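Inside the fold
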Amino acid sequence: MRTTPLRVGVIGVGSMGQNHVRVYRELPETKLVGLYDADHERSEDVADAFGTDAFELDELLDAVDAVSIAVPTPYHYETACECIDAGVDVLVEKPFVEDLENGRRLIEFADQRDVILQVGHIERFNPAVMTLMDLIEDLDIIALDAQRLGPPLERDIEDTAVMDLMIHDLDILLSILDEEVEQVYAAGTRQSNYATATIQTSSGRIGELTASRVTQQKVRQLTITAERCRVVVDYTDQSIEITRQSLPEYAREKSFRYRHENVVEQVLVERREPLKNELSAFAEAVRTRSEPLVTGEDGIRALDLARKIDELAADRKPAPTDTA
């Protein structure tokens with residue numbers, strides 16, 4: 001197992017890639033070697049801003065142990081193939097790939113080359129979600145409701161609200177429920193900037209999801225309805241609130257009355273930047289040669305379901321579906 005800092009690089013230094021550059025520089029377990037971007041001027045500018053070096057892609061792959069791939073989604077597959085072929089461990093930002101078959105090929109190729117392949121579903125590393133996962137076994141879950149809403153973006157983005165926003169919550173729901181999705185219903189509007197979906201699993205549990213880029217309030221929230229409690233997770237505040245109902249109390253006045261009181265618990269969450277958790281976990285998987293928390297298979301499951309929801313939202317027709 002490696003004891004020296006992991007030599008890392010970043011491929012693609014748009015807004016998300018620049019965050020990877022920043023975090024790798026801050027983590028004690030990683031040493032940022034440099035970066036690459038197809039836009040050479042941007043590559044040089046970002047390298048200067050962060051005090052690192054800009055490389056050609058083949059030169060960067062010769063100099064590092066692992067990379068983050070933050071290029072536009074259509075280039076994920078070919079870029080990841082080049083990295084894997086060079087024996088470099090990779091973290092691929094979400095969505096994993098454009099084509100599901102290419103995703104499966106990447107998984108097989110990484111296995112053949114003994115390369116670590118992690119998918120960048122960052123909400124898995126939100127401290128509130130990580131704390132929630134420790135509580136799941138004690139919850140008899142009935143339904144989940146995920147809302148990821150916000151105002152129109154100041155920049156153009158090609159992905160739909162489902163592929164850009166809802167895919168985060170689909171990954172969380174699939175990891176929590178850990179069972180097959182049997183039914184999917186969806187609807188969308190506003191040029192694919194608003195979408196809702198309902199999924200039902202093999203055990204009958206329900207997930208309701210809403211993604212919006214036209215809502216004049218930013219909301220990032222997951223609500224779980226369980227047999228004996230209600231759990232609210234706020235991704236932005238990194239908080240968890242559990243509401244339980246106490247036993248009824250009876251009072252004798254002019255007639256018998258009873259009342260219920262709610263007990264609200266604030267769960268202790270150790271706050272930290274999710275991206276730091278994600279890249280630390282990636283570095284740990286590389287050092288120990290262990291399976292990452294978010295695997296290629298996880299990326300495909302979320303992408304497959306997001307694709308189906310996108311199709312249904314566009315057609316506005318509910319239909320049953322089988323997930324991969």
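Relevant structure appears above.
In what follows, the accompanying structure is described.

**Focus: the overall build of the protein chain**
Across its full length, the protein chain carries 9 helices and 17 strands. For the protein chain, the C-alpha radius of gyration of 22 Å lies close to 20 Å, the compact-globule estimate for 324 residues. Projecting the C-alpha coordinates of the protein chain onto the three principal axes gives extents of approximately 85 × 45 × 40 Å. Within the span of the protein chain, comprising 324 residues, buried residues form 52% of the whole.

**Overview of the packing of aromatic side chains**
When we look at a pair of aromatic rings, we describe it by the centre distance and by the angle of the planes. Inspection of the entire model under this criterion finds 0 aromatic pairs. The cationic tip of R148 hangs over the ring face of Y235; the distance from NZ or CZ to the ring centre is 4.9 Å.

**Re the state of the cysteines**
In the structure shown here, the tally under the stated rule is 0 disulfides. C83 takes part in no disulfide bond, and the closest cysteine sulfur, belonging to C81, lies 9.3 Å away.

**Re the environment of Y24**
Tracing the backbone through its elements, the reader meets Y24 in helix α1 (residues 15–26). Here Y24 falls in the buried class, since its relative accessible area comes to 1%. Each C-alpha atom of the pair Y24 and E59 lies 19 Å from the other, and the pair is 35 residues apart in sequence. Ignoring sequence-local partners within four residues, the contact set of Y24 consists of V8, G9, V10, T30, L32, V67, S68, L279 and F282.

**Re the nonpolar core**
In globular proteins that are soluble, nonpolar side chains generally tend to be buried together. The biggest cluster of nonpolar side chains holds 76 residues, and the ones touching the most others in it are I11 and L222. Take this core: its biggest share by element is 12 residues, from helix α7 (residues 161–177). Sequence-distant contacts of L222, that is, excluding residues within four places in its chain, are made with L132, L144, D145, A146, I172, L173, I176, V231, V232, V233 and Y235. Residues V46, L279, A283 and A285 belong to the second largest nonpolar core, which totals 23 residues.

**Things to note about helix α8 (residues 274–288)**
With 15 residues, α8 ought to run about 21 Å at 1.5 Å a step, and its terminal C-alpha atoms sit 21 Å apart, in line with that. Of all 15 residues in α8, 11 are buried; the element is thus mostly enclosed. Looking at α8, one finds that the buried residues are P274, L275, N277, E278, L279, S280, F282, A283, A285, V286 and R287. At the C-terminal side of α8, R289 shows a positive phi close to 55°.

**Let's talk about a negative patch on the surface**
Residues D39, E41, E44, D45, D48 and D53 make up a contiguous surface patch of negative charge. Of all the elements, helix α2 (residues 40–50) adds the most residues to the negative patch, at 4 residues.

**As for the pattern of salt bridges**
With the rule as written, the count across this model stands at 18 salt bridges. Salt-bridge contacts for D164 lead to R213; the nearest nitrogen and oxygen are separated by 3.1 Å. Here D164, found in helix α7, pairs with R213, found in the loop between β10 (206–212) and β11 (219–226); they are 49 residues apart in sequence, far enough to count as distant. D164 sits in the buried class, given a relative accessible area of 15%. One connected set of salt bridges, linked through shared partners, spans R22, E26, E273 and K276.

**Digging into the packing of helix α4 (residues 76–85) against helix α5 (residues 100–112)**
The interhelical angle for the contact between α4 and α5, taken along N-to-C directions, is 5°, at an axis separation of 10 Å. Comparing their axes, α5 and α4 come out roughly parallel. Counting all contacts with α4, which are made through Y77, A80, C81, I84 and D85, the residues of α5 involved are N102, R105, L106, F109 and A110. Among the residues forming the contact of α4 with α5, the class breakdown is 7 nonpolar, 1 polar and 2 charged.

Parameters and conventions
Residues numbered from 1 in each chain as written. Predicted model: local features only at pLDDT ≥ 70, side-chain atom pairs only at ≥ 80, totals over all residues. Heavy atoms only, no water. Helix = DSSP H or I, 4+ residues; strand = E, 2+ residues; numbered from the N terminus. Rg over C-alpha atoms; globule rule 2.2 N^0.38 Å. Buried < 20%, exposed > 50% of the residue type's maximum accessible area, 1.4 Å probe, protein only. Phe/Tyr/Trp six-rings, centres within 6.5 Å; stacked < 30°, edge-to-face > 60°. Lys NZ or Arg CZ within 6 Å of the ring centre and 35° of its normal. Disulfide = S-S within 2.5 Å. Contact = heavy atoms within 4.5 Å. Core = buried A, V, L, I, M, F, W, Y, C linked by side-chain atoms within 4.5 Å. Expected span 1.5 Å × (residues − 1). Patch = residues over 30% accessible without salt bridge, like charges linked within 9 Å, V, L, I, M, F, W, Y side chains within 5 Å. Areas by Shrake-Rupley, 256 points an atom, 1.4 Å probe, with all protein chains shown as cover. Salt bridge = Lys/Arg side-chain N within 4 Å of Asp/Glu carboxyl O. Lys, Arg positive; Asp, Glu negative; His and termini not counted. Charge placed at Lys NZ, Arg CZ, Asp CG, Glu CD. Axes fitted to C-alpha atoms, helices over the stretch in contact; angles between N-to-C directions. Parallel < 35°, antiparallel > 145°, perpendicular 65-115°, else oblique. Nonpolar A, V, L, I, M, F, W, Y, C, P; charged D, E, K, R; others polar.

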